[in-house]
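Here is what each chain is made of, one letter per residue.
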Amino acid sequence: MRSVSSRLAITVAIVLKDLREFSRDRLWMILTPISLIFMIVIFLILPDTVSETITLGVYPSYLAESFSTLIDREEGEFQGLEIIGFADEDQLADAVLWGSGEILIGIALPADFTESLLSGSGDSVSVYVSESVPQEMRRALSSGVREIAYAVQAVYAGRNPLSTLPVALPHLQARILGEDMAGRQVPLRDRIRPILVILILLIEALALAGLVSVEIEHRTATALLITPARTGDFLTAKCVTGTILAMTQSFLFLLATGGFLFDWLIVSVLILLGAGMSSAVGMLSGTSGRDFIGTLFYGTIFIIPLMIPALSIMFPGRPSVIIRLLPSYGLTEAMSGVLGEGKGWCFAAPHIMTTILWDIFLLGSAFFLLRRRVESL
Amino acid sequence: MNPSLLATNLSYSYGNLEAVRGISFHLNPGEILGFLGPNGAGKSTTIKMITGLLTPDTGSIHLLGMEMSLDNPEVQARIGVCFEEKNLYLNMTGRENLKFFSRLFGLKNFDADDLLKKVDLANRADDRVSKYSKGMRQRLMMARAIINRPDVLFLDEPTNGLDPVSSRTLRNMIREQAERGAAVLLTTHDMWEADELSDRVAFLNEGKLYVVDTPDNLKMKYGKRSVKVRLGSDSHVREETIELAAADAGDRIKELINSDNVMTIHTEEATLEDIFIEITGRGLDV
């Protein structure tokens, strides 16, 4: 009586074979480490802090002291505003134009500004604005200069600027809708980390797609099916291979970028779910494509929509309904919250549940279509 | 003796095209059955049905006493298949290919080198298959097909397009498999190979099975036996064919032998191709 291999032994044998084939593919063996290093470098060169202070350049410099006095006195109103004085108007203009980007706005007042204010002659004020400052901000600056004029006038006269206005100033109370992130803004580096993780996961989907399409194109899948290996073993092995490839890459990335300093268990669960989604995409792309170019084409068609929620992290505001309906939205949101803001299970749980449902749907579709394709060879 | 393979009334259609039309045959242990037919005759479709890769539209297949299906690992563990297309893992070495398949069959202490030696690939065992020639790949395919010492071996055009040395190596291996008791189903359109290897041959054309018999019986039944005599006198050489069935054949042969002009005498028998054409009305040309 011959021994028939167990399902597990057969699946493991196919997975090991796939990993060996992957390691022999020159394209992926070059592309994988390069893309991983590239992602880590991108992460590391991005700023790890957020400056919540706006720096305003002022000429002449003695007026900067008046501004600073004003800021110190009205801490609540002018929080986050820093004043730097310049001895020369040209220096101020150069700082705005050629500086490191720290000073985007400069105000040059005439030397007799306070006198002209007090006399009511209304001398002209130059406002230097960097080209990167949007139009709305420029309008706000005009209003700001008027406010400053009032304030300087008051300070110069030794009075409280707020009580010298001709009208009673309404009491302003800012109400933050949503979470007030003032003082704990997420640095760009941490905001981009989920994007890079999702990108790594989806790139590995292409590697799996290549392995699947080669099995179909060379009909090696047929050779497997006339052995004791079943179609289910083949499909399971492909899913496991894709998950291993995607998990390994994203694990290495997060290890190098400190991703596991957050709640490592949630991060691991999210990587696993992402790798499952990556496997589904890889199997679907591999099933659809007839050769390398075809696989790449279909892979891109799947990957671009899945990247959209990740890219939307970079823009403020709540994503549109369409974006929220995409399969990778829950995963992206959870990764963004956990890896960017250090949130925990309470925040991640609903997103994890959504992602599990999407994974089941995508993997189910991938298994169904790949089974049909393999059995019809 | 229970047949290793019993196929009854098999039919299969690709859409409107009837590839196989109600064929029945059996294959005994230790026997080589040659499936002869031109391209498109239905040979590969028949093998795919028997190995479980296609489900027949009608009919039944019993392999080693068990009903065949793709979900019967016990049957799959006892068959070997050598496909016409070289579906090997090109990025893996010859040894790795064999070891991988040995794991699928659950073979313990499998010696890949021994098998590679049998197919003259021992010195290329560690080369990737992508660097193998067509003949080397086909020999590796054959090695893979017999990795599990199958009880039933299916060979689909195993020597198609090979050089004479590779062809002879494979033919010897096929005989060895039959000698150890494996039932061998060999599809080919090479009538010479079928004649040399097969215990019985089956003529398949346009999905229909015309006849299944031993090559000798077919030649006796359908062939015309004759003797070809080459005669030479001075600078003139001529040939004369004498049908042995003719009433005066004996006298004519004696007459020629007694003359001084006989250069050579050859017995002529019908080839399988002649008989195939006679029975099916179509040649074996690809």
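Since the structure is predicted, the reported quantities are computational estimates derived from the model, not experimental observations. Every chain is numbered independently, its residues counted from 1 as its sequence is written. Written order decides the labels, with chains lettered from A and ligands numbered from 1. Side-chain atom pairs in this predicted model are given and counted only at pLDDT of 80 or more, local residue features only at pLDDT of at least 70, and totals for whole chains, interfaces and linings cover all residues. Side-chain numbers here rest on the full set of heavy atoms in the structure, without hydrogens or water.

Caption draft 1: Geometry of the interface of chain A and chain B. Each partner contributes to the interface: chain A provides 29 residues, whereas chain B provides 34 residues. Salt bridges are defined as contacts in which a side-chain nitrogen from Lys or Arg sits within 4 Å of a carboxyl oxygen from Asp or Glu. Here chain A and chain B share three salt bridges between them. Here B:Glu85 ties to A:Arg219 by a salt bridge, and the two come within 3.9 Å at their closest N and O atoms. Here a polar contact is taken to be a pair of N or O atoms separated by no more than 3.5 Å, where protein atoms must pair a possible hydrogen donor with a possible acceptor and residues adjacent in sequence count only if both atoms sit in side chains. The tally of links between chain A and chain B comes to seven residue pairs in polar contact (both at pLDDT 80 or more). Counting from the N terminus, the helices are DSSP H or I runs at least four residues long and the strands are E runs at least two residues long. Of all the secondary structure elements, the ones that give two or more residues to the side of chain A that touches chain B are helix 1 (7–24) and helix 9 (220–225) of chain A. No other element matches the eight residues that helix 1 of chain A contributes to the side of chain A that touches chain B. Class assignment of the residues belonging to the side of chain A that touches chain B gives a composition of 12 nonpolar, seven polar and 10 charged. Every residue pair with non-hydrogen atoms within 4.5 Å of one another is taken to be in contact. Under the convention adopted here, Pro, Cys and the residues Ala, Val, Leu, Ile, Met, Phe, Trp and Tyr are nonpolar, Asp, Glu, Lys and Arg are charged, and Gly plus all remaining residues are polar.

Caption draft 2: The arrangement of the packing of helix 8 (residues 188–217) of chain A against helix 14 (residues 329–341) of chain A in detail. All names here are of chain A. Lines fitted to C-alpha atoms define the axes, with helix axes restricted to the stretch in contact, and inter-axis angles between N-to-C directions lie between 0 and 180 degrees. Interhelical geometry of helix 8 versus helix 14 gives an angle of 135° and a closest axis separation of 8 Å. By the angle between their axes, helix 8 is oblique relative to helix 14. Crossing handedness for the pair helix 8 and helix 14: right-handed. From helix 8, Asp190, Arg193, Pro194, Val197, Ile198 and Leu201 reach across to helix 14, where they touch Leu331, Thr332, Met335, Ser336, Leu339 and Gly340. Tallied by class, residues from the contact of helix 8 with helix 14 come to seven nonpolar, three polar and two charged. Each angle receives one of four descriptions, namely roughly parallel if under 35 degrees, roughly antiparallel if over 145, roughly perpendicular if within 65 to 115, and oblique otherwise. Two helices crossing with the near one rotated counterclockwise from the far one by less than a right angle form a left-handed crossing, whereas a clockwise rotation gives a right-handed crossing.

Caption draft 3: Spatial organisation of the environment of A:Val267. Residues and elements named next belong to chain A. Inspection of the secondary structure assignment puts Val267 in helix 11 (residues 264–288). Residue classification places Val267 among the buried positions, given a relative accessible area of 3%. Along the primary structure Val267 and Arg318 are separated by 51 residues, whereas in three dimensions their C-alpha atoms are 23 Å apart. Every residue in contact with Val267, bar those within four places of it in the chain, is listed here: Leu254, Gly259, Phe260, Phe262, Val338 and Leu339. Whether a residue is buried, partly exposed or exposed follows from its accessible area with a 1.4 Å probe, protein chains only, as a fraction of its type maximum: under 20%, in between, or over 50%, in that order.

Caption draft 4: Just the domain arrangement of chain B, in detail. Split by domain assignment, chain B resolves into domain 1 (5–220) and domain 2 (224–268). Look at where the C-alpha atoms of domain 1 of chain B and domain 2 of chain B centre, and you get two points 43 Å apart. By convention here, the domain bounds are inherited from an automatic or database domain assignment.

Caption draft 5: Seen up close, the side chain of B:Arg200. Residue and element names in this part refer to chain B. Relative to the helices and strands, Arg200 is located in strand 9 (residues 200–205). We classify Arg200 as buried; its relative accessible area is 13%. A polar contact is formed between the side chain of Arg200 and the side chain of Glu31, at a distance of 2.3 Å. Beyond its immediate chain neighbours, meaning those up to four positions away, Arg200 contacts His26, Leu27, Glu31, Ile32, Leu33, Gly34, Val212, Asp213, Thr214 and Pro215.

Caption draft 6: The arrangement of the packing of aromatic side chains in detail. Side-chain rings of Phe, Tyr and Trp, where Trp is taken by its six-membered ring, are said to pair if the distance between their centres is within 6.5 Å; with planes under 30 degrees apart they count as stacked, over 60 as edge-to-face, and otherwise as tilted. Summed over all chains, the structure comprises 10 aromatic pairs over all chains. Taking 6.3 Å as the distance between ring centres and 80° as the angle between the ring planes, the aromatic pair formed by A:Phe43 and A:Phe253 counts as edge-to-face. With a gap of 210 residues between them, A:Phe43 in helix 2 (residues 26–45) and A:Phe253 in helix 10 (residues 231–256) connect regions that are remote in the sequence. On the accessibility criterion, A:Phe253 (0% relative accessible area) is buried. Look at B:Tyr89 and B:Phe100: their rings are 5.6 Å apart centre to centre, the planes differ by 80°, and that puts the pair in the edge-to-face class.

Caption draft 7: Structural view of the pattern of salt bridges. Residues and elements named next belong to chain A. Per the stated rule, a full pass over the model turns up 26 salt bridges over all chains. Lys17 is paired through a salt bridge with Glu21; the nearest N and O atoms lie 3.8 Å apart. In this pair, Lys17 and Glu21 both sit in helix 1, four residues apart, roughly one turn of the helix. Classification of Lys17 as buried rests on a relative accessible area of 3%. On the basis of relative accessibility, which here comes to 6%, the residue Glu21 falls in the buried class. Each of Lys17, Asp18, Glu21, Glu215 and Lys238 takes part in salt bridges that share partners, so that together they form one network.

Caption draft 8: Spotlight on a nonpolar patch on the surface. Residue and element names in this part refer to chain A. Together, Leu27, Leu31, Phe292, Ile293 and Leu296 make up a nonpolar patch on the protein surface, roughly 440 Å² of accessible area in all. Among the elements of the structure, helix 2 and helix 12 (292–312) are those that each provide at least two residues to the nonpolar patch. At three residues, the largest contribution of residues to the nonpolar patch is made by helix 12. Residue position: Leu27 is located in helix 2. Judged by relative accessible area, Leu27 falls into the partly exposed class, the value being 40%. For patch detection, residues must exceed 30% relative accessible area and be free of salt bridges, and they are connected within 9 Å for like charges or within 5 Å for nonpolar side chains (Val, Leu, Ile, Met, Phe, Trp, Tyr). Every accessible area reported is derived by Shrake-Rupley at a probe size of 1.4 Å, with residue values counting cover from the shown protein chains alone.

Caption draft 9: How the structure looks around the sheet that holds strand 4 (residues 126–129) of chain A. Residues and elements named next belong to chain A. Taking strand neighbours across the sheet as the criterion, the four strands line up as 2-1-3-4 in an open arrangement whose pairing is mixed. Both edges of this open sheet fall to strand 2 (81–85) and strand 4, since each of them pairs with a single strand only. The mean angle between the axes of side-by-side strands here comes to 25°, regardless of whether they run parallel or antiparallel. The pairing criterion for strands is at least two bridges between them, as found by DSSP. As judged from the five bridges shared by strand 1 (residues 54–59) and strand 3 (residues 103–108), these two strands associate in the parallel manner. Residue pairing for strand 3: Val58 is matched across the bridge by Ile107. Packed onto the sheet, helix 5 (residues 89–98) meets strand 1, strand 3 and strand 4 and runs at close to 160° relative to strand 3.

Caption draft 10: Quick peek at the environment of A:Pro327. Residues and elements named next belong to chain A. Inspection of the secondary structure puts Pro327 in the loop between helix 13 (321–325) and helix 14. Note on Pro327: relative accessible area 13%, which makes it buried. As for Pro327 and Pro305, which are separated by 22 residues in sequence, their C-alpha atoms are 8.8 Å apart.

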